[in-house]
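Letter by letter, the chains look like this.
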Amino acid sequence: MSLHDLLSEWRDHLAEGRRRSPHTVRAYCSAAERLLKARDLTDWNGVAGLEAHDLRAHLAARRNDGLSNASTARELSALKAFITFARAQTGDPDPSAPRLRGPRTKKGLPRPVTPDEAVNIADLVAGMPDEDWIGARDRAVLLLIYGSGLRIAEALSLKWSDAELGETLQVTGKGGKQRIVPILPVTRDAVARYAELCPWKAEPSEALFRGAKGGLLSPGMVQKAMANARRALGLPDTATPHALRHSFATHLLGAGADLRSLQELLGHASLGSTQIYTQVDAARMLENYRAAHPRAWKKR
């Protein structure tokens, strides 16, 4: 086999067998490629034979290149999965990964934007491009993220058949998991406006959101539009498209939504992923308390 053969099988397993997102597939394949080249491996037996000390040495070299704790932890996770897959390919009856703990990482809380900031961002991006249809497109995508809690990839996966939205929408998230999300009237109108103005009409089964030249709209273009609006409004760098999804969650939780319902709306595989929003809501409550109560932080 060749390095290319190994990576092709690994990529197919991730994309088709495990139905990982394109971003995850790229990241996991890049990590595997670095390992294969560093260890000069060209067959599954060689990969399957790697042990904890091999991974430790490889990651130490990566750390010397400036890799952060969080990135090291992600790379270790990718390489463990790769070795597990390799051991399964060789017929190992117990294809478990080498036992190696990654570096400790501090999990930061999401930084949501306020409802007014979310609306201001969406409205501002509509007027920034020279072409009205591009502004309408960017506004529609951001309102889908904020109003329905979609990930960027989920919003960009919508088809032309979805252009006439109702009160709800079925989306396919990570791992191919499907869920139903609500659609706000303002979001429905924004998508309809974009569909009306878009010069690149396509078949019902093709992507709804198009780039300036008619190709698929990339996440990077949505992030760029958000960054331009963020700077114009004087918002911090944490005001990203994904922050709009965090805002969707924290605003619902603050209004009384229960965690199980929120888990379903966000498409989280486990409740643990959703529970972080209870910390966000508590942090906002404490911030409001500090600002409003005249004796909240009086020195004792």
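Treat the numbers as computed from the prediction; the structure is a model and nothing was measured. (Residues numbered from 1 in each chain as written. Predicted model: local features only at pLDDT ≥ 70, side-chain atom pairs only at ≥ 80, totals over all residues. Heavy atoms only, no water.)

Draft legend 1. Here's a closer look at the overall build of the protein. A count of helical and extended segments in the protein gives 13 helices and two strands. Buried residues in the protein amount to 39% of all 300 residues. Of all intrachain contacts in the protein linking residues separated by at least 6 positions in sequence, the fraction that spans at least 24 positions is 61%. Split by element, the accessible area of the protein, about 16800 Å² in all, is 50% carbon and sulfur. (Helix = DSSP H or I, 4+ residues; strand = E, 2+ residues; numbered from the N terminus. Buried < 20%, exposed > 50% of the residue type's maximum accessible area, 1.4 Å probe, protein only. Contact = heavy atoms within 4.5 Å. Areas by Shrake-Rupley, 256 points an atom, 1.4 Å probe, with all protein chains shown as cover.)

Draft legend 2. Expanded view of the packing of aromatic side chains. One pass over the structure, following the stated rule, counts eight aromatic pairs. Here the aromatic rings of Trp10 and Phe82 are separated by 5.2 Å at their centres, their planes lie at 55°, and the arrangement is tilted. With Trp10 in helix α1 (residues 3–17) and Phe82 in helix α5 (residues 69–89), this residue pair connects regions lying 72 residues apart in the sequence. Phe82 sits in the buried class, given a relative accessible area of 0%. Each ring, one from Trp44 and one from Phe85, has its centre 5.3 Å from the other, and the planes form 85°; the classification is edge-to-face. Here the residue Trp44 occupies a position in helix α3 (residues 44–48), and Phe85 occupies one in helix α5, the gap between them amounting to 41 residues. Overall, the relative accessible area of 7% leaves Trp44 in the buried class. (Phe/Tyr/Trp six-rings, centres within 6.5 Å; stacked < 30°, edge-to-face > 60°.)

Draft legend 3. View of unusual backbone geometry. The backbone of Asp40 sits at a positive phi, close to 55°, despite the residue not being glycine. Relative to the assigned elements, Asp40 resides in the loop between α2 (22–39) and α3. Overall, Asp40 belongs to the exposed group, its relative accessible area being 65%.

Draft legend 4. Looking closely at the side chain of Ser148. Looking at the element boundaries, Ser148 is found in helix α7 (residues 132–148). In terms of polar contacts, Ser148 uses its side chain to reach the backbone carbonyl oxygen of Pro182, at 2.6 Å. (Polar contact = N/O pair within 3.5 Å; in protein donor to acceptor, adjacent residues only side chain to side chain.)

Draft legend 5. Representation of the nonpolar core. Counting 42 residues, the largest nonpolar core has Val141, Leu142, Leu144, Tyr194, Leu208, Phe209 and Leu244 as its most contacted members. Elements represented by at least two residues in this core include exactly α6 (115–127), α7, α8 (152–156), β1 (168–172), α9 (185–197) and α10 (219–233). The greatest single-element share of this core, amounting to 10 residues, is contributed by α7. When near neighbours in sequence (up to four residues on either side) are disregarded, Leu244 contacts Val113, Ala118, Leu142, Ile145, Tyr146 and Met226. Grouped together as the second largest cluster of nonpolar side chains are 27 residues, Leu14, Ala48, Leu76 and Leu79 included. (Core = buried A, V, L, I, M, F, W, Y, C linked by side-chain atoms within 4.5 Å.)

Draft legend 6. Representation of the packing of α7 against α9. At a closest axis distance of 8 Å, the pairing of α7 and α9 adopts a crossing angle of 150°. One element, α7, and the other, α9, form an angle in the roughly antiparallel class. For the element pair α7 and α9, the recorded crossing hand is left-handed. Of the residues in α9, those in contact with Asp132, Trp133, Ala136, Arg137, Arg139, Ala140, Leu143, Leu144 and Gly147 of α7 are Val186, Thr187, Ala190, Val191, Arg193, Tyr194 and Leu197. Grouping the amino acids of the contact of α7 with α9 by side-chain chemistry returns 10 nonpolar, two polar and four charged. (Axes fitted to C-alpha atoms, helices over the stretch in contact; angles between N-to-C directions. Parallel < 35°, antiparallel > 145°, perpendicular 65-115°, else oblique. Left-handed = near helix turned anticlockwise from the far one by under 90°. Nonpolar A, V, L, I, M, F, W, Y, C, P; charged D, E, K, R; others polar.)

Draft legend 7. Local environment of α1. Helix length check: α1, at 15 residues, gives a terminal C-alpha distance of 20 Å against a target of 21 Å (1.5 Å per residue), a fit within 8%. Looking at α1, one finds that the buried residues are Leu6, Leu7, Trp10 and Leu14. Buried residues in α1, looked at end-on, bunch into an arc of 95°, giving them a common side. Facing away from the buried side of α1, by more than 90 degrees, are the exposed residues His4, Glu16 and Gly17. The inward-facing, buried residues of α1 abut α2, α3 and α5. After α1 finishes, the residue Arg19 shows a positive phi value of roughly 55°. (Expected span 1.5 Å × (residues − 1). Arc of directions from axis to C-beta.)

Nothing here speaks to function; it is geometry throughout.
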